[in-house]
Amino acid sequence: MDARIIDELRRVAGIDGVRLDDAAREEAAADKWFARTVPDAVVFARSTASVAGVMKIVSREKISVTTRGAGHGYVGGCVPVRGGIVLSTARMDRIKEVSAEDFVAVVEPGVITGHLQDAARRKGLFYPPDPASLKDCSIGGNIATNAGGPRCLKYGVTRNYVLGLEVVLADGTVARVGGRTHKNKTGFDLVGIFTGSEGMLGIVTEATLRLLPWPPSRAVLSASFPDMPKAAAAVQSIFAHGHLPSAAEIADRFTLEAARKHAGAETAIPPGEAHLLVEIDGQEASVRAEAAELTGLLRDAHAVSVESATTNEGCDRLWALRRGFSASLKATGMKKLNEDIVVPRGRLVELVEFGAQLGRDYDVPVACFGHAGDGNIHVNLMVDNPDDPATKERMERALDALFQGVLAMGGSITGEHGVGLAKKRWWKQAIDAGADDLHRRIKRALDPEDLLNPGKFLDQ
Ligand SMILES: Cc1cc2nc3c(=O)[nH]c(=O)nc-3n(C[C@H](O)[C@H](O)[C@H](O)COP(=O)(O)OP(=O)(O)OC[C@H]3O[C@@H](n4cnc5c(N)ncnc54)[C@H](O)[C@@H]3O)c2cc1C
């Protein structure tokens, strides 16, 4: 990169804010997916003014900019495929305010999600979005991917908690959209346009987030079933009986077997071929009554075992099994191709049967677990020899069949992680032609030179 441009960047981001060394550039080359491209420079912004200053320089010079939060994405979203600059928000990590009066938090984008949850909790408040990566990922990344997690069943995804945003546009303009109120109907839903936009429309430099009162009581039920269709049917029975748990997480036989082999001795693994974990929260008396009712309901739905907990320690112990699934699958030594597909709730039983059939058709073990209540199941193709060309080719065809099947059910190719690079190949199939065109028009209006996170799903 031209020395003159580097000098200019240093003037707006500080000497230590512009890194050209291999270590910094290598670290900014990838997320948790496998693609990597080393950028020319990494700029660590400390303020909105520095982000705006950087964008003014790069828009004049037509240099690509890829925003990086904590780099814990799963789809290559922050990989700078066109080189240029990676703009990291990691140093913009201040929690500016947690207000118990207005039930809002005002944060910089680099705040780690779990840190915000802890800060809210200390004031008796609750920030529900709970991606499994919450100890590592940032609020900016969560907003850009509209992240979800188990609790989204009752509480909704990140979008439901974004009241206001400050964004820096491609030309360096700073815009504040939405606000601090829990309702706001002034103009278009611009917060919605930026939320989930995967860093392609603007750079989030501040967020005002909605908080809830902390629910004082919780209960967890851990049930096992003779097979996945019965476990999936139990979820539908829970809804049919008027319950809305805060989480309903399912796991199949392959996942349970991996946990039996690899989870630590402290994790109790129930019998059966499928597992369902249900959490409810609220006021103590209603939680206890609902837990008792749900226990009966799960038994009626053919559960072979049901264990329950109402203390925090007990609930966490039951969650330990679910939280360990990813690690147990990794410990098999196989490569896990994790697809976070989602189908309409009513098609859940069909989806788990389809997953099993896919495994037989393409001769690949399939491990399914995830957010059953939302129809958002992580379908993991478990591959023994990922570098073998024939296996690679077979897996590509299996993925084609998976996405085709999911779309045919009225579902979507990603429920949480986003499209990024990982699902770029299937974008055209997954989106209505009119909606594709609308995406392109919005992108052109906000970033006519295609500087912000170029090379991702609109690049085809
Ligand atoms: C073990 C593991 C478990 C996971 N579990 C879940 C889960 O349960 N639910 C879920 O939804 N996801 C999950 N993910 C995926 C990932 O954690 C989320 O996508 C998360 O939101 C990424 O945040 P990040 O800060 O790491 O973003 P990054 O990876 O740094 O970036 C992700 C995208 O956001 C953009 N971006 C980042 N910051 C900004 C900003 N300030 N302004 C504009 N654009 C920005 C980037 O350009 C990129 O496109 C998981 C990932 C891992 C590794």
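Look up a bit, the structure's there.
Position labels on residues start from 1 in each chain and follow its written sequence. Side-chain atom pairs in this predicted model are given and counted only at pLDDT of 80 or more, local residue features only at pLDDT of at least 70, and totals for whole chains, interfaces and linings cover all residues. To get the side-chain values, all heavy atoms of the structure are used, and hydrogens and water are removed first.

Novice: So what's going on with the overall build of the protein chain? Which residues, and what values?
Specialist: When helices and strands are counted, the protein chain shows 16 helices and 18 strands. Values of the radius of gyration come from C-alpha atoms, whereas the globule rule sets the reference at 2.2 Å times the count of residues to the power 0.38. Scaling as 2.2 N^0.38, a compact globule of 460 residues should have a C-alpha radius of gyration of about 23 Å, and the protein chain matches this with 23 Å. C-alpha extents for the protein chain along the principal axes are approximately 70 × 60 × 45 Å. Buried, partly exposed and exposed residues are distinguished by accessible area as a fraction of the type maximum, computed with a 1.4 Å probe on protein chains only: under 20%, between the cut-offs, and over 50%, respectively. Counting the 460 residues in the protein chain, one finds 54% classified as buried. Once local pairs closer than 6 in sequence are excluded, the contacts in the protein chain between residues at least 24 apart make up 73%. Of the roughly 19,400 Å² of accessible surface on the protein chain, 52% is carried by carbon and sulfur atoms. For helices the rule is a DSSP run of H or I covering at least 4 residues; for strands it is a run of E covering at least 2, with both sets numbered from the N terminus onward. Should any heavy atoms of two residues lie within 4.5 Å, those residues are counted as being in contact. Residue-level accessible areas treat just the shown protein chains as cover; the underlying method is Shrake-Rupley with a 1.4 Å probe.

Novice: Before we move on, can you summarise the site of the ligand with the specific residues and values?
Specialist: A single heavy atom is enough: if one lies within 4 Å of a molecule or strand, its residue is considered near that molecule or strand. Around the ligand, 33 residues are found, and the nearest of them are Thr67, Gly69, His72, Ser133 and Ser138. The definition of a polar contact used here is a pair of N or O atoms within 3.5 Å, where within protein one atom must be able to donate a hydrogen and the other to accept one, and adjacent residues in sequence count solely through side-chain atom pairs. Contact between the ligand and Glu198: an oxygen atom at 3.2 Å from a main-chain N or O atom of the residue. Burial of the ligand by the surrounding chains reaches 93%, relative to a free accessible area of 970 Å². Secondary structure elements with two or more residues in the shell around the ligand: strand 3 (65–68), helix 5 (139–145) and strand 10 (203–210). At five residues, helix 5 tops the list of elements feeding residues into the shell around the ligand.

Novice: Requested: an account of the packing of aromatic side chains, with residues and values cited.
Specialist: When two rings of Phe, Tyr or Trp (its six-membered ring) have centres within 6.5 Å they constitute a pair, described as stacked for plane angles under 30 degrees, edge-to-face for angles over 60, and tilted for the intermediate range. This model, assessed by the stated rule, comprises seven aromatic pairs. Judged by centre distance (4.5 Å) and plane angle (40 degrees), the ring pair of Trp427 and Phe457 falls under tilted. Remark: Phe457 occurs in the segment after helix 16 (433–446) and Trp427 occurs in helix 15 (residues 427–430); sequence separation between them is 30 residues. A ring is considered to have a charge above it if a Lys NZ or an Arg CZ atom is located within 6 Å of its centre and within 35 degrees of its normal. Taking the ring centre of Phe44 as reference, the NZ or CZ of Arg91 above it sits at 4.3 Å. It is Arg210 that lies over the ring of Tyr161; its NZ or CZ is 4.6 Å from the centre.

Novice: How would you explain the nonpolar core if you had to name every residue and give the values?
Specialist: In this description, a nonpolar core means a group of buried Ala, Val, Leu, Ile, Met, Phe, Trp, Tyr and Cys residues linked to one another through side-chain atoms lying within 4.5 Å. In this structure, Phe225, Leu276, Leu298 and Leu381 are the most contacted members of the largest nonpolar core, which totals 48 residues. Of all elements in the fold, only strand 12 (217–225), helix 8 (228–240), strand 14 (274–282), helix 10 (284–300), helix 13 (348–361), strand 17 (366–371), strand 18 (376–383) and helix 14 (389–408) reach the threshold of two or more residues within this core. A total of seven residues in this core trace back to one element, the largest contributor, which is helix 14. Here Leu381 is in contact with Lys335, Lys336, Leu337, Leu358, Val364, Pro365, Val366, Met395, Ala398 and Leu399, once residues within four sequence places are set aside.

Novice: Could you give an account of unusual backbone geometry, naming the residues involved and the relevant values?
Specialist: In this structure, Phe103 takes a positive phi of about 55 degrees despite not being glycine. Looking at the secondary structure, you find Phe103 in the loop between strand 5 (95–99) and strand 6 (104–107).

Novice: Residues and numbers for helix 13, please.
Specialist: To estimate the expected span of a helix, subtract one from its residue number and multiply by 1.5 Å. With 14 residues, helix 13 should cover 20 Å at 1.5 Å per step; its first-to-last C-alpha distance of 20 Å lies within 8% of that length. Among all positions in helix 13, only Leu348, Leu351, Val352, Gly355, Leu358 and Gly359 are buried. Projected down its long axis, helix 13 shows its buried positions confined to an angular sector of 115 degrees, all on one face. In the stretch just after helix 13, Asp363 is the one whose phi turns positive, near 50 degrees. Our arc is simply the arc of the directions from the helix axis toward the C-beta atoms.

Novice: Describe the sheet that holds strand 13 (residues 247–251), and please don't skip the residues or the numbers.
Specialist: Sheet architecture is open: seven strands sit in the order 15-12-14-13-17-18-16, paired in antiparallel fashion. Of all the strands in the sheet, the pair left with one neighbour each is strand 15 (305–309) and strand 16 (335–342). If you compare each strand with its neighbour and ignore which way they point, the axes differ by 15 degrees on average. In this description, strands pair whenever DSSP reports at least two bridges between them. Pairing geometry for strand 13 and strand 17, over three bridges, is antiparallel. For every element, the axis is a line fit to its C-alpha atoms; helices are fit only across the contacting stretch, and the angle between N-to-C directions ranges from 0 to 180 degrees.

Novice: Give a description of the sheet that holds strand 6 that names residues and reports values.
Specialist: With antiparallel pairing, the five strands of this open sheet are ordered in space as 5-6-10-8-9. Looking at the sheet topology across the chains shown, the edges are occupied by strand 5 and strand 9 (174–178). Neighbour-to-neighbour, the strand axes of the sheet open up by a mean angle of 10 degrees, direction not taken into account. As paired elements, strand 5 and strand 6 share four bridges and run antiparallel to each other. What sits directly across from Ser99, in strand 6, is Val104. The strands touched by helix 3 (residues 48–61) are strand 8 (162–168), strand 9 and strand 10; relative to strand 8, the strand with the most contacts, the crossing angle is about 45 degrees. Along the sheet face, helix 4 (residues 113–122) touches strand 5, strand 6 and strand 10 and points at about 35 degrees away from the line of strand 5.

Novice: Provide a residue-level description of the side chain of Thr113, including the pertinent values.
Specialist: Tracing the chain through its elements places Thr113 in helix 4. Once residues lying within four places of it in the same chain are set aside, the contact partners of Thr113 are Tyr127, Pro129, Leu134, Cys137, Ser138, Ile139 and Asn142.

Novice: Describe in detail the environment of Pro109, supporting the description with residues and values.
Specialist: Here Pro109 lies in the loop between strand 6 and helix 4. Put simply, Pro109 and Thr414 are 305 residues apart on the chain and 23 Å apart in space, counted from C-alpha to C-alpha.

Novice: Requested: an account of the layout of surface pockets, with residues and values cited.
Specialist: Method remark: on a 1 Å grid restricted to protein atoms, a set of points is classed as a cavity if a 1.4 Å probe fits but cannot get out and as a pocket if it is open with protein on both sides within 12 Å along at least five of seven lines; lining residues have an atom within 4 Å of a point. Grid points are joined across faces, edges and corners, and a volume is the space filled by probe spheres set on the points. What the second largest pocket holds in volume is close to 860 Å³. Taken together, 38 residues line the second largest pocket, and the ones lying closest to its centre are Thr195, Gly196, Glu198, Val419 and His439. When contributions to the lining of the second largest pocket are tallied by element, the ones reaching two or more residues are helix 5, helix 7 (190–194), helix 15 and helix 16. In terms of residues, the lining of the second largest pocket owes the most to one element, helix 16, which gives five residues. Under the grouping applied here, Gly and all other residues not named as nonpolar or charged are polar, the nonpolar ones being Ala, Val, Leu, Ile, Met, Phe, Trp, Tyr, Cys and Pro and the charged ones Asp, Glu, Lys and Arg. Partitioned by chemical class, the residues of the lining of the second largest pocket number 18 nonpolar, 16 polar and four charged.

Novice: So, the pattern of salt bridges: which residues are in play, and what are the values?
Specialist: Two side chains bearing opposite charge may form a pair once their charged atoms approach each other closely. Whenever Lys or Arg places a side-chain nitrogen within 4 Å of a carboxyl oxygen from Asp or Glu, that contact is recorded as a salt bridge. A complete count under the given rule lists 40 salt bridges for this structure. For Asp459, the salt bridge goes to Arg82, with nearest N and O atoms at 3.1 Å. Of this pair, Asp459 sits in the segment after helix 16 while Arg82 sits in the loop between strand 3 and strand 4 (85–88); the two residues are 377 residues apart in sequence, bridging distant segments of the chain. Here Asp437 ties to Arg441 by a salt bridge, and the two come within 3.0 Å at their closest N and O atoms. Separated by four residues within a single helix, Asp437 and Arg441 lie in helix 16, roughly one turn from each other. Among the charged side chains, a salt-bridge network with shared partners connects Arg82, Lys424, Lys443, Asp447, Asp450 and Asp459.

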